[in-house]
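Okay, here's what each chain looks like letter by letter:
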Amino acid sequence: MGSVQRAMRLLETVAGHEHGAPAKQLARETGLALPTTYHLLRTLVHEGYLRRDKGLFFLGDAAARLSCSGEQQKRRSTVVDILARWRDAIGAPVYYAVYREGEIEVVCVSGAAGTPAVEGWADFRETGHAHAIGQCLLSQLDEDARRDHLDRYPVRPVTPYTVRDDHSLLRRLERTRRMDLVIERQEYVLGAVCAAIPITVGTTAASLALSMPAHQADRLLPAARRLQAEMGRLVGSLELSISI
């Protein structure tokens, strides 16, 4: 434990020197004996947490990866908190998804015991034609990107209410204006309805969505419009999650 603490103290001290620092200065600032400092510095360089250049020590790639991982966790926590607040305020599970590198990716889902999320019983990436999130993301793409997606994931029936073929889906997407709400009723799961709100985060297509039991369908549109009206306050925080 003592060695770990001394190594961490060295890393923190090196981090405070943007232009690097020599071993003797690091020993002096950390209060460590010079032989101990040399031993720990050699170990940290070997493991990639530090690098040495012309007698000066700098943070290495491994330390940078730790920092990046911590930032990602912080960003995810921010998104989780945002979705949970809206879940509780609206009384419905909330979903956040992006279209990244040709795939539909659900970044975060916030459900609770009284407001359970829709169970993804069919592969979500392959059934973008059937759920509101997928339709919302595809509606934000250009025609070539849509056709590329459907070439890889062709339309197939998921429930009796699912759009029947690629042509019908493309016509529906063409009629959907870029920032329109997308409503889906039992196309992905029987007994559930869903609304998706388009978000453009930089050049990335994204969507915030909510779902409800089919018998509460009359609540869906007002709840979605309420969420959409507040979207401006959320986009900045959601934008951080693109790199999660």
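Figured I'd write up the structure that's included with this text. Only a predicted model underlies this, so the values are computations on that prediction, with no experimental measurement involved. (Residues numbered from 1 in each chain as written. Predicted model: local features only at pLDDT ≥ 70, side-chain atom pairs only at ≥ 80, totals over all residues. Heavy atoms only, no water.)

1. Concerning the overall build of the protein
Point 1. Summing up its helical and strand segments, the protein has 9 helices and 7 strands in all.
Point 2. Out of the 244 residues belonging to the protein, those deemed buried represent 44%.
Point 3. Expressed as a percentage of contacts within the protein between residues at least 6 apart in sequence, the contacts between residues at least 24 apart total 58%.
Point 4. Roughly 13,100 Å² of accessible area belongs to the protein as shown, and the carbon and sulfur atoms make up 50% of that amount. (Helix = DSSP H or I, 4+ residues; strand = E, 2+ residues; numbered from the N terminus. Buried < 20%, exposed > 50% of the residue type's maximum accessible area, 1.4 Å probe, protein only. Contact = heavy atoms within 4.5 Å. Areas by Shrake-Rupley, 256 points an atom, 1.4 Å probe, with all protein chains shown as cover.)

2. Notes on helix α6 (residues 143-152)
Point 1. Taken as a whole, α6 has its buried residues at Arg146, His149 and Leu150. For α6, the angular spread of buried residues about the axis comes to 95°, placing them on one side. Turned more than 90 degrees away from the buried face of α6 sit Asp144 and Asp151, all of them exposed.
Point 2. Looking at the packing, one finds that the buried side of α6 touches β3 (94-100), β4 (103-110), α5 (132-139) and α7 (166-175).
Point 3. Capping of α6 at its N-terminal end is provided by aspartate 142; its side-chain oxygen lies 3.3 Å from the backbone amide nitrogen of aspartate 144. (Arc of directions from axis to C-beta. Polar contact = N/O pair within 3.5 Å; in protein donor to acceptor, adjacent residues only side chain to side chain.)

3. Some thoughts on the packing of α6 against α7
Point 1. Contact pair α6 / α7: the axes reach a minimum separation of 12 Å and the direction vectors enclose 150°. Classified by the angle between their axes, α6 and α7 sit roughly antiparallel to one another. The interaxial crossing formed by α6 with α7 has right-handed handedness. Listed contacts from α7 to Arg146, Arg147 and Leu150 of α6 are Asp166, Leu169, Leu170, Leu173 and Glu174.
Point 2. The class makeup of the residues in the contact of α6 with α7 is 4 nonpolar, no polar and 4 charged. (Axes fitted to C-alpha atoms, helices over the stretch in contact; angles between N-to-C directions. Parallel < 35°, antiparallel > 145°, perpendicular 65-115°, else oblique. Left-handed = near helix turned anticlockwise from the far one by under 90°. Nonpolar A, V, L, I, M, F, W, Y, C, P; charged D, E, K, R; others polar.)

4. Topic: the state of the cysteines
Point 1. A complete count under the given rule lists 0 disulfides for this structure.
Point 2. Free of any disulfide, cysteine 136 has its nearest cysteine sulfur in cysteine 194, 9.3 Å distant.
Point 3. For cysteine 194, a relative accessible area of 9% gives the class buried. (Disulfide = S-S within 2.5 Å.)

5. Some words on the pairing of strand β7 (residues 204-213)
Point 1. Most of β7 is tucked away, with 9 of its 10 residues classed as buried.
Point 2. In the sheet, β3 pairs with β7 via 6 bridges, with the strands oriented antiparallel. What sits directly across from tyrosine 96, in β7, is leucine 208. (Pairing = 2+ DSSP bridges.)

6. Brief notes about unusual backbone geometry
What is expected of a backbone is that most residues other than glycine have negative phi and most peptide bonds are trans.
Point 1. Of note in this structure, glutamate 101 is not a glycine but carries a positive phi near 50°.
Point 2. With respect to the helices, strands and loops of the structure, glutamate 101 is situated in the loop between β3 and β4.
Point 3. With relative accessibility at 78%, the residue glutamate 101 sits in the exposed group.
Point 4. With a phi close to 60°, glutamine 186 is a non-glycine residue in the positive phi region.
Point 5. For glutamine 186, the location among the structural elements is in the loop between β5 (182-185) and β6 (192-201).

7. Quick notes on the packing of aromatic side chains
Point 1. Following the criterion strictly, the structure yields 1 aromatic pair and no others.
Point 2. Between the aromatic rings of phenylalanine 124 and tyrosine 188, the centroid separation amounts to 5.5 Å while the plane-to-plane angle is 85°, which identifies the pairing as edge-to-face. Note that phenylalanine 124 is positioned in the loop between β4 and α5 and tyrosine 188 in the loop between β5 and β6, a separation of 64 residues in sequence.
Point 3. Classification of tyrosine 188 as buried rests on a relative accessible area of 3%.
Point 4. The lysine or arginine in question, arginine 51, covers the ring of phenylalanine 58, its NZ or CZ lying 4.5 Å from the ring centre. (Phe/Tyr/Trp six-rings, centres within 6.5 Å; stacked < 30°, edge-to-face > 60°. Lys NZ or Arg CZ within 6 Å of the ring centre and 35° of its normal.)

8. Considerations on the pattern of salt bridges
Point 1. Scanning the entire structure with this criterion turns up 8 salt bridges.
Point 2. The salt bridge involving aspartate 88 is made with arginine 87; its shortest N-O contact spans 3.0 Å.
Point 3. On the accessibility criterion, aspartate 88 (54% relative accessible area) is exposed.
Point 4. For arginine 87, a relative accessible area of 15% translates into the label buried.
Point 5. Residues participating in the shared-partner salt-bridge network are Glu103, Asp148 and Arg152. (Salt bridge = Lys/Arg side-chain N within 4 Å of Asp/Glu carboxyl O.)

9. Some thoughts on the side chain of serine 110
Point 1. The topology assignment puts serine 110 in strand β4.
Point 2. Looking at serine 110, the relative accessible area reads 6%, which means it is buried.
Point 3. Polar side-chain contacts of serine 110 include one of 3.0 Å to the side chain of arginine 87.
Point 4. Discounting chain neighbours no more than four positions away, the residues touching serine 110 are Leu83, Ala84, Arg87, Pro93 and Val94.

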